[in-house]
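Structural overview
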Amino acid sequence: MTDIPDELIRLERSAEEERARLAGLTGDAYEEQRSRFCAASEAVRAAVTAHAEAAGADPHEVEQAVRRAVRQTQEDPAVE
């Protein structure tokens, strides 16, 4: 697997933040936030696809590597 560019990690984090903001919303507020989440997710997919094509890699493998990288950077063993 090729190195994961910081930009892909940043985009995935942004999408996850938009997803987290859905919690507790209803009605129009939910739909507006869902639209922002979907746009952020689409940006991730497009960037992953472009990176995979440029690197000659499988897009699914790149996507999984990005998600793993984001999870690893979010885990801080010093925080309980």
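A short tour of the structure in this document, coming up. The shown structure was predicted, so the numbers you read here are calculated from the model rather than taken from an experiment.

**Here's the deal with the pattern of salt bridges**
Where charged atoms from two side chains of opposite charge come close, those side chains can pair. A complete count under the given rule lists 5 salt bridges for this structure. Where Arg19 meets Glu16, a salt bridge forms, and the shortest distance between an N and an O atom there is 3.0 Å. With Arg19 and Glu16 both in helix α1 (residues 6-20) and 3 residues apart, this pair spans about one turn of that helix. Its salt-bridge partner being Glu63, residue Arg67 comes within 2.8 Å of it at the nearest N-O pair. On the criterion of helical spacing, the pair formed by Arg67 and Glu63 is a turn pair, its members being 4 residues apart in helix α3 (residues 59-74). Among the residues examined, Arg67 registers a relative accessible area of 35% and is labelled partly exposed. Residue class for Glu63 comes out partly exposed when judged on its relative accessible area of 23%.

**Structural notes on the packing of α1 against helix α2 (residues 27-55)**
Their axes nearest at 8 Å, the elements α1 and α2 cross at an angle of 160°. Overall, the two elements α1 and α2 adopt an arrangement that is roughly antiparallel. As α1 packs across α2, the resulting crossing turns out to be left-handed. On the side of α1, the interface is formed by Leu8, Leu11, Glu12, Ala15, Glu18 and Arg19, while α2 contributes Gln33, Arg36, Phe37, Ala40, Ser41, Ala43, Val44, Ala47, Val48 and His51. Residue composition of the contact of α1 with α2, by class: 9 nonpolar, 3 polar and 4 charged.

**Remarks on α2**
In this model, α2 (29 residues) spans 42 Å end to end at C-alpha, consistent with the 42 Å of a helix rising 1.5 Å per residue. Along α2, the residues classified as buried are Gln33, Ala40, Ser41, Val44, Ala47, Val48, His51 and Ala52. Once α2 ends, the next one or two residues include Gly56, with phi positive near 70°.

Procedures and definitions
Residues numbered from 1 in each chain as written. Predicted model: local features only at pLDDT ≥ 70, side-chain atom pairs only at ≥ 80, totals over all residues. Heavy atoms only, no water. Salt bridge = Lys/Arg side-chain N within 4 Å of Asp/Glu carboxyl O. Helix = DSSP H or I, 4+ residues; strand = E, 2+ residues; numbered from the N terminus. Buried < 20%, exposed > 50% of the residue type's maximum accessible area, 1.4 Å probe, protein only. Axes fitted to C-alpha atoms, helices over the stretch in contact; angles between N-to-C directions. Parallel < 35°, antiparallel > 145°, perpendicular 65-115°, else oblique. Left-handed = near helix turned anticlockwise from the far one by under 90°. Contact = heavy atoms within 4.5 Å. Nonpolar A, V, L, I, M, F, W, Y, C, P; charged D, E, K, R; others polar. Expected span 1.5 Å × (residues − 1).

Spatial relationships are all this shows, so hold off on functional conclusions.
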